[in-house]
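Residue-level structure breakdown
Single-letter residue listing:
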Amino acid sequence: MKVNKRLNRAILEVVENQIRQLRPPATKETFDRLLREGHSQDEARRLIGCVVASEIFDILKTMQPYDEDRYMAALRNLPELPE
């Protein structure tokens, strides 16, 4: 599967903004936890980016608003990826 580099950069930018702005705080907490568990910074960002992408996909698929509880649960489950 070919990765859309522009989309990938945009998602990683969302991750960086969430970490830097602490919005939501759970993103930075998850990032720090993944680092403590031995993941590299790039891998931790990529894993969180997968959660961001999954949430975007769910929003578009179901035409429902952002679900913060679902997002937080997916962050807590990392490094297990959302389906």
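Everything discussed here concerns the structure shown above.
Residues numbered from 1 in each chain as written. Predicted model: local features only at pLDDT ≥ 70, side-chain atom pairs only at ≥ 80, totals over all residues. Heavy atoms only, no water.

Examining the overall build of the protein chain
The helix and strand tally for the protein chain stands at four helices and zero strands. In sequence order, the secondary structure elements of the protein chain are arranged as α-α-α-α. Computed over the C-alpha atoms, the radius of gyration of the protein chain is 12 Å, within 12% of the 12 Å expected from 2.2 N^0.38 for a compact globule of 83 residues. When the backbone C-alpha atoms are referred to their principal axes, the protein chain occupies close to 35 × 30 × 25 Å. Scored against the burial criterion, the 83 residues of the protein chain give a buried share of 31%. Residue pairs in contact within the protein chain that sit at least 24 positions apart in sequence constitute 56% of those at least 6 positions apart. When the accessible surface of the protein chain is summed, it comes to about 6,000 Å², and 54% of that surface belongs to carbon and sulfur atoms. Of the charged side chains in the protein chain, 14 are positive and 14 negative, and the gap between their average positions amounts to 7 Å. (Helix = DSSP H or I, 4+ residues; strand = E, 2+ residues; numbered from the N terminus. Rg over C-alpha atoms; globule rule 2.2 N^0.38 Å. Buried < 20%, exposed > 50% of the residue type's maximum accessible area, 1.4 Å probe, protein only. Contact = heavy atoms within 4.5 Å. Areas by Shrake-Rupley, 256 points an atom, 1.4 Å probe, with all protein chains shown as cover. Lys, Arg positive; Asp, Glu negative; His and termini not counted. Charge placed at Lys NZ, Arg CZ, Asp CG, Glu CD.)

Let's talk about the environment of L12
Mapped onto the elements, L12 comes out in helix α1 (residues 5–21). Residues L12 and D69 lie 57 residues apart in sequence; the distance between their C-alpha atoms is 21 Å.

Examining the side chain of E55
With respect to the helices and strands, the residue E55 is situated in helix α3 (residues 41–62). Within the local environment of E55, its side chain forms a polar contact with the backbone nitrogen of D67, the two atoms lying 3.1 Å apart. Excluding anything up to four places from it in sequence, E55 contacts Y66, D67, R70 and Y71. (Polar contact = N/O pair within 3.5 Å; in protein donor to acceptor, adjacent residues only side chain to side chain.)

Digging into the packing of helix α2 (residues 25–36) against α3
Angle between the axes and distance between the axes: these two values describe a pair of packed helices. In contact at an axis separation of 9 Å, α2 and α3 are set at 135 degrees when each is read in the N-to-C sense. Our classification of the angle between α2 and α3 gives oblique. For the crossing formed where α2 meets α3, the hand is right-handed. Across the interface between the two elements, T27, T30, F31, L34 and L35 from α2 touch Q41, A44, R45, L47 and I48 from α3. (Axes fitted to C-alpha atoms, helices over the stretch in contact; angles between N-to-C directions. Parallel < 35°, antiparallel > 145°, perpendicular 65-115°, else oblique. Left-handed = near helix turned anticlockwise from the far one by under 90°.)

Let's talk about the environment of K61
You can see K61 is positioned in helix α3. Overall, the relative accessible area of 56% leaves K61 in the exposed class.

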